Amino acid sequence: MLPEHSTNLFMSTNSKYDLVVIGGGPAGYAAAIRAGQLGKKVACVEQERPGGTCLNWGCIPSKALLKSAELFNKINHCEDFGITVKGASYDFTKIIQRSRGVSSTMAKGIEFLFKKNKVDYIKGVGTITVPGMVEVTDGPDKGKILVTEKTLIATGCKPRQLPNLEVDGERIMTSRQALEMKTQPKSIVIVGAGAIGAEFAYFLNAFGTKVTLVEMLDQVLPVEDHEVAAVVEKEFKKSGIDCRVSTAVQNIKVAKNNVKMDLVKGDKTESITADSVLIAIGVVANTAGLLSPRTKLAQDRGYITVDANYESSVQGIYAAGDIIGPPWLAHVATYEAIQAVQGMFGHGQAKQVTDFPGCTYCIPQVASIGKTEKKLKEEGVKYKVGKFPFMASGKAVASGAPEGFVKLLVCEEYGEILGAHIVGGDATEMIGEYCLGKKLEATAEEIHNTIHAHPTLSEATMEAAASVFGEAIHI
């Protein structure tokens with residue numbers, strides 16, 4: 001319900017909306033565009049360029065960096081393919097600039113989509129003053145008042161920082177500063193071996209930076225299947241990355257030209273020095289400037305609490321994406337936002353996220369959906385395993401990427417997919433088949449009996465399914 005004075009306010013500002021979205025990332029811009037497609041009058045308030053962290057400071061620019069690293073690695077190993085390249089070199093500044101250019105291009109694309117779908121793009125910080133009213137409190141459009149029937153919060157998250165450690169962009173960085181490094185560090189300690197830490201470790205190592213990757217838990221990529229993580233760690237070590245698991249970083253001391261710290265594992269402590277430290281230990285909810293003292297929303301550890309329709313504790317205020325908590329993935333955020341918009345405007349019941357793929361884009365790539373073996377054992381679920389190594393794939397061997405495997409976990413009784421885990425070349429593209437299969441409740445038998453083109457990497461998904469029954473042909 002709008003505030004009593006909203007009618008007069010609308011008369012004076014001409015800014016009454018069906019929906020105001022605060023945040024222009026994968027949740028925010030998708031919500032605004034979908035509402036526009038439904039014929040609603042909608043505005044999206046974003047303090048930076050559309051695209052949010054993903055497009056500007058995360059998924060997209062990091063993939064541009066990783067592509068440069070992958071290409072340089074291939075050039076350095078082109079002798080394996082009978083090709084000689086002499087004097088290959090790189091320009092680190094241009095690599096960073098290309099990455100920023102890719103982000104800029106994609107942001108312009110979102111701006112075009114806003115215009116196409118008649119979304120008003122408001123530049124600044126959106127603050128919910130009272131339910132039904134959003135004020136732009138900072139930025140180019142500061143002072144604008146937006147009156148709205150519904151509000152969707154999609155402000156996402158920001159990198160978590162270590163306490164009492166100032167991020168200066170040179171000695172101490174988060175992923176945001178790392179994406180626009182002015183100079184390449186000769187050595188770096190990356191704290192946290194999740195997807196972000198692993199990707200930056202691969203990128204910097206490819207260009208000769210001495211990388212120490214530190215993780216408190218007992219494996220790199222802690223949320224992934226243990227066998228998958230073991231392959232990544234093995235390949236990382238082979239390429240020269242110093243992986244330290246079950247290890248904590250303590251006593252970080254920043255000097256003018258380096259950073260000193262202690263690596264603690266059990267009762268052993270090792271002091272090391274590096275040019276820089278990259279903090280990649282997760283994210284925190286981004287609620288700065290979001291709510292006025294007159295607007296109170298239920299929260300859990302800083303994340304906004306929502307019901308099955310993505311509505312907050314205050315009627316008419318919704319939230320979707322990273323701001324409502326894990327898994328903190330762009331594609332999940334987009335899904336949630338679209339569901340929220342369709343639900344709030346009566347276009348079907350809003351659906352909650354149940355299954356989603358997770359991807360890491362280092363080399364070897366990692367992709368998964370569903371549960372790990374460890375989780376199934378903890379839950380006492382009876383399951384079968386099908387596994388197919390890429391070294392038995394003609395396409396993988398011909399491509400010079402025989403590392404890794406496809407692993408399929410299925411219900412022992414009915415054969416439906418419980419989890420799928422891929423590590424190796426193009427794993428992030430291959431996981432889509434298992435995602436669709438899980439959505440459609442496909443069985444391992446049905447995947448096994450689906451003809452896959454030869455030679456392709458996707459044959460491995462079929463062979464893994466066949467392996468469940470002991471019928472894989474090539475192993």
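None of these values were measured; they are calculated from a predicted model.

(A) Representation of the sheet that holds strand 24 (residues 417–424) in the model. Pairing is antiparallel across the open sheet formed by five strands, whose spatial order is 20-21-24-23-22. Both edges of this open sheet fall to strand 20 (357–360) and strand 22 (383–389), since each of them pairs with a single strand only. Strand-to-strand twist in this sheet, taken as the mean axis angle between neighbours without regard to direction, amounts to 10°. Alignment of strand 23 (residues 405–411) against strand 24, held across six bridges, turns out to be antiparallel. Looking at strand 24, one finds that Phe405 is bridged to Val423.

(B) The arrangement of the sheet that holds strand 9 (residues 187–191) in detail. Reading across the sheet, the five strands line up as 8-15-9-10-11 and stay open at both edges, with parallel pairing between neighbours. Edge positions in the sheet fall to strand 8 (172–173) and strand 11 (242–244), since each of these pairs with one other strand and no more. Taken together, the three bridges between strand 10 (residues 210–214) and strand 11 define a ladder with parallel strand orientation. Following the sheet pairing, Leu213 is matched in strand 11 by Cys243. Lying over the sheet, helix 7 (residues 195–206) contacts strand 9, strand 10 and strand 15 (276–279), oriented at roughly 165° with respect to strand 10.

(C) The packing of aromatic side chains, seen in detail. Taken as a whole and assessed by the stated rule, the structure comprises seven aromatic pairs. Ring plane angle 70° and centroid distance 5.5 Å describe the contact between Phe203 and Phe207, whose orientation is recorded as edge-to-face. Both residues of the pair, Phe203 and Phe207, belong to the buried class. Taken together, the ring pairs connect Phe72, Tyr90, Phe92, Phe203 and Phe207 into an aromatic cluster. Here the guanidinium or amino end of Lys387 rests over the ring plane of Phe405, the centre of that ring lying 4.4 Å away.

(D) Up close: unusual backbone geometry. The omega torsion of the bond from Pro326 to Pro327 falls at 25°, within 30 degrees of zero and hence cis. Mapped onto the elements of the fold, Pro327 is located in the loop between strand 19 (317–319) and helix 9 (330–344). Geometrically, the link from Ile363 to Pro364 is a cis peptide bond, its omega value of 5° lying close to zero. Relative to the helices and strands, Pro364 is located in the loop between strand 20 and strand 21 (365–370). Unlike most non-glycine residues, Lys118 shows phi in positive territory, near 60°. Looking at the secondary structure, you find Lys118 in the loop between helix 5 (92–116) and strand 3 (119–123). Judged by relative accessible area, Lys118 falls into the exposed class, the value being 70%. Look at Trp328: it is not a glycine, yet its phi comes out positive at around 55°. Within the secondary structure, Trp328 sits in the loop between strand 19 and helix 9. In this structure Trp328 comes out as partly exposed when scored by relative accessible area, which is 37%.

(E) Representation of a nonpolar patch on the surface within the structure. Judged by side-chain polarity, Phe81, Ile83 and Val85 come together as a nonpolar surface patch covering roughly 280 Å² of accessible area. By the secondary structure assignment, Phe81 is in the loop between helix 4 (59–76) and helix 5. Using a relative accessible area of 48% as the deciding quantity, one classes Phe81 as partly exposed.

(F) Just helix 8 (residues 226–238), in detail. Relative to the 18 Å expected for 13 residues at 1.5 Å per residue, helix 8 spans 18 Å between its end C-alpha atoms, a close match to the ideal helical length. Among the residues of helix 8, those classed as buried are Val228, Ala229, Val231, Val232, Glu233, Glu235 and Phe236. In this fold, the buried residues of helix 8 make contact with helix 7, strand 10, strand 11, strand 21, strand 23 and strand 24. Gly240 occupies a position one or two residues after helix 8 and carries a positive phi of about 105°.

(G) Molecular detail of the environment of His421. Inspection of the secondary structure puts His421 in strand 24. For His421, a relative accessible area of 1% puts it in the buried group. Between the C-alpha atoms of His421 and Ser368, which are 53 residues apart in sequence, the distance is 4.4 Å. Ignoring any residue separated from it by four or fewer positions in sequence, one finds His421 in contact with Glu224, Asp225, Val228, Ala367, Ser368, Lys371, Thr372, Phe405, Val406, Lys407 and Leu409. Looking at His421, its side chain comes within polar contact range of the main-chain oxygen of Lys371, at 2.9 Å.

(H) Just the packing of helix 2 (residues 28–37) against helix 9, in detail. Interhelical geometry of helix 2 versus helix 9 gives an angle of 35° and a closest axis separation of 8 Å. Note on packing geometry: the crossing formed by helix 2 with helix 9 is right-handed. Here Ala30, Ala31, Arg34 and Ala35 of helix 2 lie close against helix 9, whose contacting residues are Thr334, Ala337, Ile338, Val341 and Gln342. In the contact of helix 2 with helix 9, the residues fall into six nonpolar, two polar and one charged.

Quick notes on the rules
- Each chain has its residues counted from 1, following the order in which its sequence is written.
- Reporting in this predicted model follows two pLDDT cut-offs: at least 70 for local features of residues, and 80 or more for side-chain atom pairs to be given and counted; totals over whole chains, interfaces and linings ignore these cut-offs and use all residues.
- Side-chain measures here rest on the full set of heavy atoms in the structure, leaving out hydrogens and waters.
- We treat two strands as partners when DSSP finds at least two bridges between them.
- Each helix is a run of DSSP H or I of at least 4 residues and each strand a run of E of at least 2, with the numbering of both proceeding from the N terminus.
- Axis definition: a line fit to C-alpha positions, over the contact stretch in the case of helices; interaxial angles, taken between N-to-C directions, run 0 to 180 degrees.
- Any two residues having at least one pair of non-hydrogen atoms within 4.5 Å are treated as being in contact.
- The pairing test for Phe, Tyr and Trp rings, Trp by its six-membered ring, is centres within 6.5 Å, and the orientation test on the planes gives stacked under 30 degrees, edge-to-face over 60, and tilted for anything in between.
- The classification of residues rests on relative accessible area computed with a 1.4 Å probe and restricted to protein chains. Under 20% of the type maximum is buried, over 50% is exposed, and intermediate values are partly exposed.
- Lysine and arginine charges are scored as sitting over a ring when NZ or CZ, respectively, is within 6 Å of the ring centre and within 35 degrees of the ring normal.
- Residues enter patches when their relative accessible area tops 30% and they take part in no salt bridge; the joining distance is 9 Å for like charges and 5 Å for the nonpolar side chains Val, Leu, Ile, Met, Phe, Trp and Tyr.
- Here the accessible surface of atoms and residues is derived via Shrake-Rupley with a 1.4 Å probe, and residues count as covered only by protein chains that are part of the display.
- Salt bridge criterion: a side-chain nitrogen from Lys or Arg within 4 Å of a carboxyl oxygen from Asp or Glu.
- Expected helix span is given by 1.5 Å per residue-to-residue step, counting one fewer step than there are residues.
- For this analysis, a polar contact is any N or O atom pair within 3.5 Å, provided that within protein one partner can donate a hydrogen and the other can accept it, and provided that sequence-adjacent residues contribute only side-chain to side-chain pairs.
- A clockwise turn of the near helix away from the far one marks a right-handed crossing, whereas an anticlockwise turn of less than a right angle marks a left-handed crossing.
- Under the scheme applied here, ten amino acids are nonpolar (Ala, Val, Leu, Ile, Met, Phe, Trp, Tyr, Cys and Pro), four are charged (Asp, Glu, Lys and Arg), and all others, including Gly, are polar.

Keep in mind that these numbers describe shape and distance, not what the molecule does.
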